[in-house]
Amino acid sequence: MSYYVELNAVSKIFSVGSSVIEDFTNAMKHHDTKEKYSKEKVAVNQVTLKLHEGECLGIIGRNGAGKSTLLRMITGITKPTSGKIHVNGKVTSILTLGIGLREELSGRENIYVDGEINGKSRAEVDKVIDEVIAFAELDKFIDYPLRTYSTGMKARLAFSMITYIDPEILIIDETLSVGDALFSAKATARILEICKRGKIVILVSHGMSAINDICNRCIYLKDGSVIMDGRPEAVTKAYIDEVKSEDEAALMVRFGSHVGNQTLVPGYMIEKPVMLTGETLLKAIRIESAQKFLIRIVAKFPYETNDLMCCVRIIRLDELILFQRDFNVVDYFSSSGEHCLELEFPILHLRPAVYRLDVELRERSVVNKLIYARSSSIFEVYSLSRPAGGQPMLYYPVSIKVNLI
Amino acid sequence: MHSNLALYCSGVSKTFYIQRKLNLWSILFSQEQKSSQLFQALHDISLEVPRGKIIGILGRNGAGKSTLLRLLGNIYTPTRGNVEAFGIIAGLFELGGTSNPNLTGREYAIRYLRYMGVLTKNLASVLDEIKDFSELAEAFDQRIRTYSSGMAARLYFAVATAYQHDIYLIDEILSVGDEHFQAKCWRRMRTRLLNGASGVLVTHDWVAILNLCETACVIEDGTFSYVGPSDKAVVSYLQLPKPIATAARFTTELQDEYRARSGETMHIKVPVEIVEPGSVFCFLSIEVLNIGIGWEIIILSDQKLVHDLPGHYEVTFEIANLPLIPGTYSLNLFLKHSTSDKGDTRSWTYGNGLRLIVDGEMSNSAVRIPFIARTVSREVK
């Protein structure tokens, strides 16, 4: 007999009223009709999934994507509104921390009670109890009542006892993030061991590294539907990219209000800067990292004076200024508009991200600088190759030589 | 007298009675009461939180972090010592422990804000702001018990930080929610801090401590084992095993401090010894560590093969037109041995980091990017 979990077009729809009174009036109104409440939330939408022995499934998705609801249905805590779930094997789950633990009993007593619930005899629990206690690192606390435990200690106890009571299908919701770094490393190793013995593990986490380390399969849930299913590395990358692009889209909207040209004193103006890579004019404002990058700035002003400065800034989305220079307008521009300033970055070292380019025409004075005109635009740097390890601020070349001494 | 302090505690201890059986009979008549065990969660803790600063507290599970935060927030009374706060405290204790799940998000927010003394005329705008920040949309008018844990976390954070309070007590909050929401929480905490708020952040996420706190404490078994600059606190908390460095190592001639000039070519010569045969790779990173503001890698080199055979080598890192502005940087060197984990590392996280001091002309940008400026005729295609 092999263990499996099979979900067939499973959906879960919650009806949501906003108050007790509304729920009540809804129930009164609709009790004789087949019609359901007007407000519904589809938490899980037509999910079909089959898990085989030895699979460790990671589930990722934004908050509210239906991850927890899906787990609850597999566990059997709630029933699906439609669809079928077949589970072969006993499901053990750590869904919400501390649920199922009895506050008045000591840690040790809790382990015995849980063992009994999971169909183990006292003798069987006796065999593993020392390991459980050692794993949970509770020391003297193991004989104290559970209500004296901190959240992290409860999490450790719950995790330890469940993984040692030899689960067939193990479901874990976000528990690994509660323990500290040392404990979560141990927990990861423990889960891998369970997977190796051919058991099924389902894990929900916001920690992408945990998913990549532990799981051999991963699904991405969005608005209750599975939108991606595959190797964890590929799925987590797609998820992170999407979260980032949504993030950036939101920031672009915020930046949108800054973007544009503005004349503050009549007669002064900065045209939208022209950006080029090498010799080609950029149509889209996307620049490949480590290429030649040119910015051409055209300004209009009524007469040439030493008092006028052109300030150019490149700003990262988190407002960090990466480039800032002031240029004497008379040196680079002519009031006829015939000449303009060209900035060349022989190799663009900025790491892939969205940046803002601000150009200002302003008075030279140090205090209370009067701004005559400004212009802001956005550009994006991308890279086809990503360096291993961290994401440095700059992709700056370092040459390394080795000599024998 | 404490005009520059927002919150302080001195000589605070907290002892809990561990009662094995909690029933009326045993409380009234049992002999066990007298012999019931004591558990000292905190022992003689003194902490001062200056105005406008966030103090970080790092510690493993069960070290007493949450107990300390609750003492500071007046949820527990100390067994000994005293706690005093100068200002209104907004506590974000273990998320959501305090709310009635039958309230809707909006009702919860209204209750909280009224309790905090927000005037009715301001209420509507603050509520809109909370709804917007928490991204709950229509769920804002649904009951909290229908929320997922992440949605609830978003609500609690948005509500607790919607208003500028004097003191924030934060327990692990920044680790809740997805990356997108975390980034928003960061930005908000920073704004509150800039506007003069103070606080205590309890966490085991050391990057958060580096980014928000200048000073941090490490708590172990109810006492502070380290109090000081947050980078040193992180080193003390991480207690990373020292690199064994028997297979390949940086030799003792390695300098602790290197100097370079901004905009000029930088050479760093590193003596390396390979002891056991095997491919040894060397690389470096230059990081900026402004505690309380941020920690970021600026330059990360590729991994370069030093050699396969034992011997003494000199590795030279060369960076042309050094793009760093004047200041002190953390220089980290790594030696990886292909067949053994006994390589060597010099990094601030191990407490053996090197310093790179860059001199030169000051700049008002974060880095110095090489460029050429010229004037061109606008007709150029």
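Residues numbered from 1 in each chain as written. Chains lettered and ligands numbered in written order. Predicted model: local features only at pLDDT ≥ 70, side-chain atom pairs only at ≥ 80, totals over all residues. Heavy atoms only, no water.

A. Quick peek at the side chain of B:Glu287. Within the secondary structure, B:Glu287 sits in strand 13 (residues 280–290). Buried charged residue B:Glu287 carries no salt bridge. Nearest counter-charge: A:Arg351, at 12 Å. Only 3.1 Å separates the side chain of B:Glu287 from the side chain of B:Ser285, close enough to count as a polar contact. Polar side-chain contacts of B:Glu287 include one of 3.3 Å to the side chain of B:Asn332. Ignoring sequence-local partners within four residues, the contact set of B:Glu287 consists of B:Trp295, B:Glu296, B:Ile297, B:Ile298, B:Tyr329, B:Ser330, B:Asn332 and B:Trp348. (Helix = DSSP H or I, 4+ residues; strand = E, 2+ residues; numbered from the N terminus. Buried < 20%, exposed > 50% of the residue type's maximum accessible area, 1.4 Å probe, protein only. Lys, Arg positive; Asp, Glu negative; His and termini not counted. Salt bridge = Lys/Arg side-chain N within 4 Å of Asp/Glu carboxyl O. Polar contact = N/O pair within 3.5 Å; in protein donor to acceptor, adjacent residues only side chain to side chain. Contact = heavy atoms within 4.5 Å.)

B. Structural view of the sheet that holds strand 22 (residues 399–404) of chain A. The strand order across the open sheet formed by four strands is 22(A)-16(B)-12(B)-10(B), and the pairing between neighbours is antiparallel. Sheet topology places strand 22 of chain A together with strand 10 (248–250) of chain B at the edges, where each strand pairs with a single neighbour. Strand-to-strand, the axes of this sheet are offset by a mean angle of 30 degrees, without reference to chain direction. As paired elements, strand 10 of chain B and strand 12 (residues 266–274) of chain B share three bridges and run antiparallel to each other. Residue B:Ala248 lies in a different strand from strand 12 of chain B, and its bridge partner there is B:Ile274. (Pairing = 2+ DSSP bridges. Axes fitted to C-alpha atoms, helices over the stretch in contact; angles between N-to-C directions.)

C. Examining the environment of A:Val330 more closely. Residues and elements named next belong to chain A. Among the secondary structure elements, valine 330 is positioned in helix 9 (residues 329–332). On the accessibility criterion, valine 330 (28% relative accessible area) is partly exposed. Considered as a pair, valine 330 and methionine 309 are 21 residues apart in the sequence and their alpha carbons are 8.4 Å apart. For valine 330, the contacting residues outside a window of four places in its chain are Glu304, Thr305 and Asn306.

D. Looking closely at unusual backbone geometry. Residue and element names in this part refer to chain B. With a phi angle near 55 degrees, glutamate 135 is a residue other than glycine that sits in the positive phi range. You can see glutamate 135 is positioned in the loop between helix 5 (120–134) and helix 6 (149–160). Judged by relative accessible area, glutamate 135 falls into the partly exposed class, the value being 32%. Not every positive phi belongs to a glycine, and asparagine 321 is a case in point at roughly 45 degrees. On the secondary structure map, asparagine 321 appears in the loop between strand 16 (311–319) and strand 17 (327–337).

E. Quick look at the interface of chain B and chain A. With 69 residues of chain B at the contact, the number on the chain A side is 78 residues. In this assembly, chain B packs against chain A so that about 6500 Å² is buried in total across both faces, 53% of it on carbon and sulfur atoms. If you look at where chain B meets chain A, you find six salt bridges. A salt bridge links A:Glu342 to B:Arg374, with the shortest nitrogen-to-oxygen separation between them at 2.8 Å. At the surface where chain B touches chain A, the tally comes to 18 residue pairs in polar contact (both at pLDDT 80 or more). It is strand 16 of chain B that contributes the most residues to the side of chain B that touches chain A, eight residues altogether. Here the side of chain B that touches chain A is built from residues that sort into 29 nonpolar, 20 polar and 20 charged. Relative to strand 20 (residues 372–377) of chain B, strand 19 (residues 339–345) of chain A runs antiparallel, the two being bridged by six bridges. Bridge pairing in strand 20 of chain B links A:His339 to B:Ser377. (Buried area = accessible area lost by both parts, 1.4 Å probe. Nonpolar A, V, L, I, M, F, W, Y, C, P; charged D, E, K, R; others polar.)

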